[in-house]
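Geometric and topological summary
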Amino acid sequence: MTESPYPMIPIKEALSLIERHVQRLPAISLPFEQTLGLVLAEDIVAVEPMPPFPASAVDGYAVVTEDGSGWHEIVGDQMAGYIADLEVTSGTAVRVTTGAPIPLGADAMIMIEETAEQDGRVNIKTDPIEAGAYIRPIGLDIEQGQIVLYTGTQLGPAELGLLATVGCTEVKVYRRPVVAIMSTGDEIVEPHETPQRGQIRDSNRFTLMNLVKQTGATVLDMGIIRDKQYQLEQTIEAGISQADLLLTSGGVSMGQLDLVKPYFAQRGTIHFGRVNTKPGKPVTFATVDGVACFGMPGFPVSALVSFEIFVYPALRAMMGHTDCHHPRQKAMLQHTFRHALHRTEFHRVTLYRNQQGQLTATSTGFQGSGRLLSMVGANGFVILPHGQADYEAGAIVEAVLLETV
Ligand code: AMP
Ligand code: MG
């Protein structure tokens, strides 16, 4: 029997090796519009309060509370965007629009819906009038000097809006990793090509490039590489010199043209070359010149699952996240899951929360490593640990959630 020179290690051990050899990338300053999905590397302080002046929350009339209801003389208009230099005194009112500054002397706003205007006068029907009504005081939303976003926060649409509000247009974030991606194999052709006998179209590069983008990293597409030592080495070198992380697919098994592992071993250190996982057993992790290199198996589902389990947390750690893995929750199996005793399996499933709030899992069908269709419609995996054969309906197992369920 020809044995792989690499020991088969448990998943946990593989993950801790990755954690040990992958570092957070340095923080850089970026225009805030370019930071969607990135992690803040500084606290953001509001230099000014919000609102910066007492502002009306409604369209209506600014009045003096003590006047109470009844007829008031209108002394002018205060629209949003400037200061009209008007003063409200007893018996008078100023027309004010939403977002406009409250004129001097006024201490309440009356909604237009509770008034009637005639001949330059307005009849106020509100009774009693509450002091401060419909006035947004200075600092209601944000106090001056307040920390509005903390280091470690992931920037989403709301956070970018907040940065705009406080005028923080340059922001310190952990930078996006650049990921070089290549497919290897003499049989692999581009998707627009018609495969000749013995050829198949490349799917892995497209799956992996989009997984990388979805994670928030930048893709460097290195194309399809033939199983030729020279071309493979040239492309890996080009990737390593330009990227923070290198992803190859194919060429990590036991075939005579599986050249990826030997080259990683020659140029750097292989931390693992086999993991007790199905699919994805030959997944390989190495560092070369400080660059993390992942050799993904060629089978399309193996490449995808290996990314989610091993590469996703590595990229998240590089991006400054502290919660790096996909969330896990207990799920109940909806039917019997056939399972090989000695392998820990990531079985593709549709996760669904039933009326009792219990997460349930249904298989996406035939789990062949080449069958990408087993991933279409899947929103997670259930982990079927080794040491047990089939798992019966009703069994509670751990599920990896790829989406919120
Ligand atoms: P390998 O790991 O190179 O031995 O490939 C394992 C299997 O995955 C073989 O059947 C390959 O044809 C297939 N494969 C390898 N690379 C790709 C790819 N980029 N897209 C689709 N299938 C692939
Ligand atoms: Mg191959």
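See above for the structure.
Let us look at the structure shown here. Computed from a predicted model, the values in this text were never measured in an experiment.

Thoughts on the overall build of the protein chain
- A tally of regular secondary structure across the protein chain gives six helices and 26 strands.
- Taking 2.2 N^0.38 as the reference for a compact globule, 405 residues should give roughly 22 Å; the C-alpha atoms of the protein chain span a radius of gyration of 31 Å, well beyond that estimate.
- With respect to the three principal axes, the spread of C-alpha positions in the protein chain is 100 × 50 × 45 Å.
- The buried share among the 405 residues of the protein chain stands at 48%.
- Across the protein chain, the fraction of contacts at a sequence separation of at least 24, relative to all contacts at a separation of at least 6, is 70%.
- When the 29 basic and 44 acidic side-chain charges of the protein chain are each reduced to a single mean position, those positions are 17 Å apart.

Side note on the pairing of strand β22 (residues 328–333)
- As paired elements, β22 and strand β26 (residues 396–401) share five bridges and run antiparallel to each other. Residue Q329 lies in a different strand from β26, and its bridge partner there is A399.
- Two elements, β22 and strand β24 (residues 359–363), share two bridges in a ladder whose sense is parallel. When the bridges of β24 are listed, M332 appears paired with T360.

Regarding helix α3 (residues 204–215)
- With 12 residues, α3 should cover 16 Å at 1.5 Å per step; its first-to-last C-alpha distance of 16 Å lies within 8% of that length.
- Contacts from the buried residues of α3 go to β13 (178–184), β16 (218–225), β17 (245–249), β21 (291–296) and α6 (300–318).
- Looking one or two residues beyond α3, the residue adopting positive phi is G216, at roughly 105°.

Here we look at the packing of helix α4 (residues 229–242) against helix α5 (residues 260–267)
- In contact at an axis separation of 11 Å, α4 and α5 are set at 55° when each is read in the N-to-C sense. By the criterion of interaxial angle, the relationship of α4 to α5 is oblique. Viewed along their axes, α4 and α5 form a crossing whose handedness is right-handed. Here L232, E233, I236 and E237 of α4 lie close against α5, whose contacting residues are V260, Y263, F264, Q266 and R267.

Side note on the sheet that holds strand β9 (residues 121–124)
- Across the sheet, six strands lie side by side as β7-β4-β6-β5-β9-β8; this open sheet has mixed pairing. Across the chains shown, the open sheet's two edge strands, defined by having one partner strand only, are β7 (108–111) and β8 (115–118). Going from strand to strand, the sheet's axes swing by 40° on average, the running direction of each strand aside.

Details of empty space enclosed by the protein
- Enumeration over the complete set of coordinates arrives at one cavity of 30 Å³ or more.
- Of the voids in this model, the largest cavity is the one considered here, and its volume is about 60 Å³.
- As for the largest cavity, its lining consists of E308, I309, P313, H325, H326, R328 and V400.
- When residues of the lining of the largest cavity are assigned to their parent elements, the largest contribution, three residues, is made by α6.
- Its residues placed into classes, the lining of the largest cavity shows three nonpolar, two polar and two charged.

What to know about the site of ligand 1
- With respect to spatial proximity, 16 residues lie near ligand 1, and among them E187, D202, S203, G251 and G298 are the closest.
- Between a nitrogen atom of ligand 1 and a main-chain N or O atom of S203, the distance comes to 3.0 Å.
- G298 places a main-chain nitrogen or oxygen 3.2 Å from an oxygen atom of ligand 1.
- If you map ligand 1 onto the pockets, it falls in the second largest pocket.
- Its residues assigned to classes, the shell around ligand 1 comprises four nonpolar, nine polar and three charged.

Things to note about the packing of α3 against α6
- Running from N to C, α3 and α6 point in directions that differ by 25°, and their axes come no closer than 10 Å. Regarding the angle of α3 to α6, the classification is roughly parallel. When the axes of α3 and α6 are compared, the crossing they make is right-handed. Packed against α3, whose contacting residues are N204, T207, L208, L211, V212 and T215, the element α6 presents P300, A303, L304, F307, E308, Y312, L315 and R316 at the interface.

Brief notes about the nonpolar core
- Ranked by size, the top nonpolar core spans 42 residues in total, and within it L245, L247, F272, F294, F307 and F310 carry the most contacts.
- Among the elements of the structure, α1 (11–21), β13, α3, β17, β21, α6 and β25 (380–384) are those that each provide at least two residues to this core.
- Ignoring any residue separated from it by four or fewer positions in sequence, one finds L245 in contact with V178, V179, A180, V291, A292, F294, V311, A314, L315 and M318.

Details of the packing of aromatic side chains
- Counting across every chain of the model gives four aromatic pairs.
- Considering the side-chain rings of F272 and F310, the 6.0 Å spacing of their centres and the 55° angle between planes classify their relative orientation as tilted. Pair noted here: F272 is in strand β18 (residues 269–272) and F310 is in helix α6, with a separation of 38 residues, a long-range link.
- Assessed through its relative accessible area of 3%, F272 is described here as buried.
- Between F346 and F381, the ring centres sit 6.0 Å apart and the planes meet at 80°, which makes this aromatic pair edge-to-face.

Points about the sheet that holds β13
- In space, the six strands of this open sheet follow the order β16-β13-β17-β21-β20-β18, with mixed pairing throughout. Single-partner strands in this sheet number two, and they are β16 and β18. The average angle at which neighbouring strand axes cross in this sheet is 20°, direction not considered.
- Bridging between β17 and β21 involves five bridges; their strand directions are parallel. Counted as the bridge partner of L247 is F294 from β21.
- Contacts between α4 and the sheet are confined to β13, β16, β17, β20 (284–288) and β21, with β16 contributing the most and set at about 175° to the helix.
- Here α5 sits on the sheet and contacts β13, β17, β18, β20 and β21; the angle it forms with β20, its principal contact strand, is near 35°.

Calculation notes
- Residues numbered from 1 in each chain as written.
- Chains lettered and ligands numbered in written order.
- Predicted model: local features only at pLDDT ≥ 70, side-chain atom pairs only at ≥ 80, totals over all residues.
- Heavy atoms only, no water.
- Helix = DSSP H or I, 4+ residues; strand = E, 2+ residues; numbered from the N terminus.
- Rg over C-alpha atoms; globule rule 2.2 N^0.38 Å.
- Buried < 20%, exposed > 50% of the residue type's maximum accessible area, 1.4 Å probe, protein only.
- Contact = heavy atoms within 4.5 Å.
- Lys, Arg positive; Asp, Glu negative; His and termini not counted.
- Charge placed at Lys NZ, Arg CZ, Asp CG, Glu CD.
- Pairing = 2+ DSSP bridges.
- Expected span 1.5 Å × (residues − 1).
- Axes fitted to C-alpha atoms, helices over the stretch in contact; angles between N-to-C directions.
- Parallel < 35°, antiparallel > 145°, perpendicular 65-115°, else oblique.
- Left-handed = near helix turned anticlockwise from the far one by under 90°.
- 1 Å grid on protein atoms, 1.4 Å probe; cavity = no way out; pocket = protein on both sides within 12 Å on 5 of 7 lines; lining within 4 Å.
- Points joined across faces, edges and corners; volume = space filled by probe spheres on them.
- Nonpolar A, V, L, I, M, F, W, Y, C, P; charged D, E, K, R; others polar.
- Near = heavy atom within 4 Å.
- Polar contact = N/O pair within 3.5 Å; in protein donor to acceptor, adjacent residues only side chain to side chain.
- Sits in = over half its atoms within 2 Å of the grid points.
- Core = buried A, V, L, I, M, F, W, Y, C linked by side-chain atoms within 4.5 Å.
- Phe/Tyr/Trp six-rings, centres within 6.5 Å; stacked < 30°, edge-to-face > 60°.

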